[in-house]
Amino acid sequence: MSAAGGGQITAYYRFHSVIYDATRWSFLFGRAGILLELADLCPAPKRILEVGCGTGRNLRVLGDQYPRATMTGIDLSGDMLRVARNKLAGYGQRVSLIQKPYAAGVAGPQKFDLVLFSYSLSMFNPGWEEAIAAVAEDLTPDGVVAVVDFHASRLGWFRRWMGVNHVRMEGHLLPRLRQKFSPRRERICSAYGGAWQYLMFVGGRPAAAA
Ligand SMILES: C[S@@+](CC[C@H](N)C(=O)[O-])C[C@H]1O[C@@H](n2cnc3c(N)ncnc32)[C@H](O)[C@@H]1O
């Protein structure tokens, strides 16, 4: 993520952090579903990292789903993290929130059993390839990476509008995820009668790298 890109995103979320939780349920589809499926695919992670954790919605679900796990959330936006901090206060020392752009090792020297990207990777422009490579370094040997995000849209005007909102949806994430991780589950789903597609991917290290 370039400094310019990061600055635009933090400015964007200065306002959007206020309306985020009230509005995003209507288009960030698949978040509840992937967390539910993780209960099966990653039954007992000790350490969880969410990259681009935003207002902490997913960390709260994960905190309840995995009562023994510690959780780290990284995000560029102090405004989003402020909402997350309030929401997650009840989880005490189990949650750490870090305001930084994501890079390997930014969360500390420890490795994670589960790394989640929920509608964040599509905003890493530039930097999505580096972020996918960085996860491989932050995972334990048996660790799992889970991604839910925008995939693509056949509507040019919609892709351009999402670009204005810092989101790239050109089908670029899934091929790289498949290349770097061995898929355990993946799906492309349709939203609003095909206006766009979103992806769900859960994978582990390729056998040779494990
Ligand atoms: C659409 S929100 C998703 C929030 C949350 N994961 C969810 O599912 O509701 C994307 C988040 O990613 C963060 N973000 C974007 N680029 C980032 C980067 N390079 N490093 C860390 N966080 C980033 C944004 O600040 C924002 O909070």
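Residues numbered from 1 in each chain as written. Predicted model: local features only at pLDDT ≥ 70, side-chain atom pairs only at ≥ 80, totals over all residues. Heavy atoms only, no water.

**Student:** Even after reading the chapter, I still don't get the overall build of the protein chain, so can you show me in this structure?
**Tutor:** The helix and strand tally for the protein chain stands at seven helices and seven strands. Traced from its N-terminal end to its C-terminal end, the protein chain shows the element sequence α-α-β-α-β-α-β-β-α-β-α-α-β-β. A compact globule built from 210 residues would reach a C-alpha radius of gyration of about 17 Å, and the protein chain, at 16 Å, matches this within 12%. Over its C-alpha atoms, taken along the principal directions, the protein chain stretches across nearly 45 × 40 × 30 Å. Taken across its 210 residues, the protein chain has 52% of its residues classed as buried. When contacts within the protein chain are restricted to residue pairs at least 6 apart in sequence, those whose partners lie at least 24 apart make up 70%. (Helix = DSSP H or I, 4+ residues; strand = E, 2+ residues; numbered from the N terminus. Rg over C-alpha atoms; globule rule 2.2 N^0.38 Å. Buried < 20%, exposed > 50% of the residue type's maximum accessible area, 1.4 Å probe, protein only. Contact = heavy atoms within 4.5 Å.)

**Student:** So what exactly am I meant to see when it comes to the packing of aromatic side chains here?
**Tutor:** The description of an aromatic ring pair rests on the distance of the ring centres and on the angle between the ring planes. All told, the structure shown has 12 aromatic pairs when counted by the stated rule. Centroid distance Trp-157 to Phe-158: 5.8 Å. Interplanar angle 80°. Geometry classified as edge-to-face. On the basis of relative accessibility, which here comes to 56%, the residue Trp-157 falls in the exposed class. One aromatic cluster is present, formed by Phe-29, Tyr-119, Phe-150, Trp-157, Phe-158, Tyr-192, Trp-196 and Tyr-198 through successive ring pairs. (Phe/Tyr/Trp six-rings, centres within 6.5 Å; stacked < 30°, edge-to-face > 60°.)

**Student:** Looking at this model, I keep getting lost on the sheet that holds strand 4 (residues 112-118). Mind explaining?
**Tutor:** The strands that make up a sheet pair up through hydrogen bonds in the backbone, lying either parallel or antiparallel. As summarised here, the arrangement of the seven strands in space is 3-2-1-4-5-7-6, forming an open sheet in which the pairing is mixed. A single partner strand is all that each edge strand has here, and the edge strands are strand 3 (95-99) and strand 6 (182-191). Ignoring strand direction, the axes of neighbouring strands in this sheet form an average angle of 15°. In terms of strand pairing, strand 6 meets strand 7 (residues 196-204) through nine bridges, oriented antiparallel. Bridge pairing links Ser-182 to Gly-204 in strand 7. The strands touched by helix 2 (residues 31-41) are strand 4, strand 5 (139-152), strand 6 and strand 7; relative to strand 5, the strand with the most contacts, the crossing angle is about 155°. Against the sheet, helix 7 (residues 173-180) touches strand 5, strand 6 and strand 7, its axis set at about 10° to strand 7. (Pairing = 2+ DSSP bridges. Axes fitted to C-alpha atoms, helices over the stretch in contact; angles between N-to-C directions.)

**Student:** Looking at this structure, how should I read helix 4 (residues 78-87)?
**Tutor:** Each α-helix winds once per 3.6 residues, and so residues spaced three or four apart point in a common direction. Within the sequence span of helix 4, burial applies to Gly-78, Asp-79, Met-80, Leu-81, Ala-84 and Lys-87. Near the N-terminus of helix 4, the side chain that reaches the backbone nitrogen of Asp-79, with its oxygen 3.3 Å away, is that of Ser-77. (Polar contact = N/O pair within 3.5 Å; in protein donor to acceptor, adjacent residues only side chain to side chain.)

**Student:** What's the story with the side chain of Ser-17 in this structure? I'm lost.
**Tutor:** Along the polypeptide, Ser-17 turns up in helix 1 (residues 3-23). A relative accessible area of 8% means that Ser-17 is categorised as buried. Beyond its immediate sequence surroundings of up to four residues, Ser-17 is in contact with Asp-79, Met-80 and Val-83.

**Student:** Which parts of the structure should I look at to understand the site of the ligand?
**Tutor:** Neighbouring the ligand are 22 residues; Arg-31, Glu-50, Gly-52, Asp-75 and Ser-118 lie closest to it. The backbone of Gly-52 places a nitrogen or oxygen atom 2.7 Å from a nitrogen atom of the ligand. One of the side-chain N or O atoms of Asp-75 is found 2.6 Å from an oxygen atom in the ligand. If you tally residues by element for the shell around the ligand, the top one is helix 1, at three residues. The residue makeup of the shell around the ligand, split by class, is 12 nonpolar, six polar and four charged. (Near = heavy atom within 4 Å. Nonpolar A, V, L, I, M, F, W, Y, C, P; charged D, E, K, R; others polar.)

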